[in-house]
Amino acid sequence: MTDTTYDGWTAARVAASLLTSERTRTARTSIQAEWPGLTLDIAYAAQDIALADRRSRGETITGIKLGLTSRAKQKQMGVDEPSVAWLTDAMALPAGLPILRDRLIHPRAEPEIAFILGRPLTGPGVTAAQALSAAEYVTGAIEIIDSRYSGFKFTLADAVADNNSSGVYITGPVLRRVDEVDLSLEACLLEVDGDIHDTATGSAVLGHPAEALAFAANTFGARGITLEAGWVVLTGGMTDAVAVDPGSRVGAHFTSLGSITVAGG
Ligand code: OOG
Ligand code: MG
């Protein structure tokens with residue numbers, strides 16, 4: 001028995017189990033509780049195996065997302081380290097459409113600041129300043145996360161293996177060049193059916209969203225992956241995430257990046 005095959009578990013089996021949960025909309029319990037040998041490296045390998053599966057079904061990479069970059073998110077999930085995951089075209093939801101409830105288990109919405117890369121970015125060793133200069137545009141976003149674990153109960157490695165609870169994402173109506181906006185001061189108000197849930201500024205995201213972009217470049221870089229020009233980078237929930245109930249509407253209102261509203265379907 002080795003680390004990688006404890007109780008029959010392998011990165012491929014982790015990926016298959018989570019993809020089955022996703023396809024059948026059936027939440028499961030923590031894999032790491034069953035397999036303490038699930039390391040972060042194995043979890044990222046499972047993430048890449050799941051990506052290969054998505055691509056074999058015709059999906060294309062649109063970018064990447066960060067997880068758990070704000071204290072609000074870290075406190076909500078009980079995990080205190082950021083991580084990265086993949087975005088594909090199947091996860092992009094055009095603005096104005098209700099969320100794809102028939103594809104999701106227990107959707108939650110979170111407001112994010114997103115970059116569009118103008119140049120490729122390759123870590124390790126990328127600083128926030130270098131990261132910012134590779135980003136061409138910034139926009140607001142709502143990410144609808146959907147963990148494959150019941151009650152969103154997971155460890156860091158569990159969440160990484162689960163592509164950081166990827167569900168769907170909606171980017172905002174306003175694109176600004178990165179040098180036009182002070183992203184640490186860019187504020188967002190998250191509202192559910194007119195009730196304010198929370199507010200935060202970009203400084204909630206690792207001090208500045210460019211720090212999150214640098215973290216992503218360096219984390220992918222350690223795996224030999226370059227962030228490509230044109231990719232969207234979701235820098236992580238600025239506030240904690242709110243459940244999106246059927247019939248409800250969630251709005252993210254940014255100071256200079258406009259508003260995005262999503263209906264619960
Ligand atoms: C993990 C995904 C985190 C974010 O923006 O922090 C994430 C989760 O909270 O389920 O997408
Ligand atoms: Mg997110």
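About the thresholds
Residues numbered from 1 in each chain as written. Chains lettered and ligands numbered in written order. Predicted model: local features only at pLDDT ≥ 70, side-chain atom pairs only at ≥ 80, totals over all residues. Heavy atoms only, no water. Near = heavy atom within 4 Å. Polar contact = N/O pair within 3.5 Å; in protein donor to acceptor, adjacent residues only side chain to side chain. Areas by Shrake-Rupley, 256 points an atom, 1.4 Å probe, with all protein chains shown as cover. 1 Å grid on protein atoms, 1.4 Å probe; cavity = no way out; pocket = protein on both sides within 12 Å on 5 of 7 lines; lining within 4 Å. Sits in = over half its atoms within 2 Å of the grid points. Helix = DSSP H or I, 4+ residues; strand = E, 2+ residues; numbered from the N terminus. Nonpolar A, V, L, I, M, F, W, Y, C, P; charged D, E, K, R; others polar. Points joined across faces, edges and corners; volume = space filled by probe spheres on them. Buried < 20%, exposed > 50% of the residue type's maximum accessible area, 1.4 Å probe, protein only. Lys, Arg positive; Asp, Glu negative; His and termini not counted. Salt bridge = Lys/Arg side-chain N within 4 Å of Asp/Glu carboxyl O. Contact = heavy atoms within 4.5 Å. Expected span 1.5 Å × (residues − 1). Donors = N, O, S within 2.8 Å, 3.2 Å for Na, K, Ca; no water. Pairing = 2+ DSSP bridges.

The name an unreviewed UniProt entry assigns to the chain is Putative 4-oxalocrotonate decarboxylase, from the organism Gordonia sputi NBRC 100414.

Colleague: Explain the site of ligand 1 to me, please; I cannot follow it from the model alone.
Modeller: Around ligand 1 there are 16 residues in total, and L68, K73, E110, S165 and G237 lie nearest to it. A distance of 3.0 Å is found between an oxygen atom of ligand 1 and a side-chain nitrogen or oxygen belonging to K65. Interatomic distance of 2.7 Å between a backbone N/O atom of G237 and an oxygen atom of ligand 1. For ligand 1, whose accessible area on its own is 320 Å², the fraction buried by protein is 100%. Of all the cavities here, the one that holds ligand 1 is the largest cavity. Every element with two or more residues in the shell around ligand 1 is listed here: β1 (61-67), α4 (71-77), β3 (108-117) and β4 (135-145). A total of three residues in the shell around ligand 1 trace back to one element, the largest contributor, which is β1. Split by residue class, the shell around ligand 1 holds six nonpolar, five polar and five charged.

Colleague: In this structure, what is going on with the layout of surface pockets? I would like to understand it.
Modeller: Unoccupied space between atoms shows up once a probe the size of one water molecule is rolled over them. Approximately 360 Å³ is the volume attributed to the largest pocket. Along the walls of the largest pocket sit 19 residues, with E22, R23, R54, R57 and R103 positioned nearest its centre. In terms of residue count, helix α1 (residues 11-24) provides more of the lining of the largest pocket than any other element does, three residues in total. Classifying every residue of the lining of the largest pocket gives five nonpolar, three polar and eleven charged.

Colleague: Would you explain the side chain of E191 in this entry?
Modeller: Looking at the secondary structure, you find E191 in strand β6 (residues 187-192). Buried and unpaired, E191 has no salt bridge, with R249 as the nearest side chain of opposite charge at 6.9 Å. A distance of 2.5 Å separates polar atoms of two side chains, one belonging to E191 and the other to H253. Excluding anything up to four places from it in sequence, E191 contacts I196, H197, R249, V250, G251 and H253.

Colleague: Just checking my understanding: could you explain helix α3 (residues 40-56) for this structure?
Modeller: Structural remark: α-helix, 3.6 residues per turn; residues separated by three or four positions point the same way. With 17 residues, α3 extends 24 Å between its outermost C-alpha atoms, agreeing within 8% with the 24 Å of an ideal straight helix rising 1.5 Å per residue. All of the buried residues in α3 are I42, A43, Y44, A46, Q47, A50, L51 and R54. Those residues of α3 hidden inside the fold are in contact with α1, β1, β2 (83-88), α6 (156-161) and α7 (209-222). Note on α3: the residue one or two positions beyond its end, G58, has a positive phi of about 100°.

Colleague: Looking at this model, I keep getting lost on the coordination of the magnesium ion (ligand 2). Mind explaining?
Modeller: Between any two of four tetrahedral donors, the ideal angle at the metal is 109.5 degrees; between two of six octahedral donors, it is 90 or 180 degrees. Taken together, the protein ligands of the magnesium ion (ligand 2) are E110 (OE), E112 (OE) and E143 (OE), with distances of 2.0 Å. Spacing between the donor residues of the magnesium ion (ligand 2) along the chain follows E-x1-E-x30-E. Note on E112: relative accessible area 0%, which makes it buried.

Colleague: Just to check I follow, could you spell out the pairing of strand β7 (residues 195-201) for this structure?
Modeller: The two faces of a sheet get side chains in turn, since along a regular strand they alternate between them. One ladder, built from six bridges, connects β6 with β7; its direction is antiparallel. What sits directly across from C188, in β7, is A200. Between the antiparallel neighbours β6 and β7 lie two residues, among them D193 with a positive phi of about 50°.

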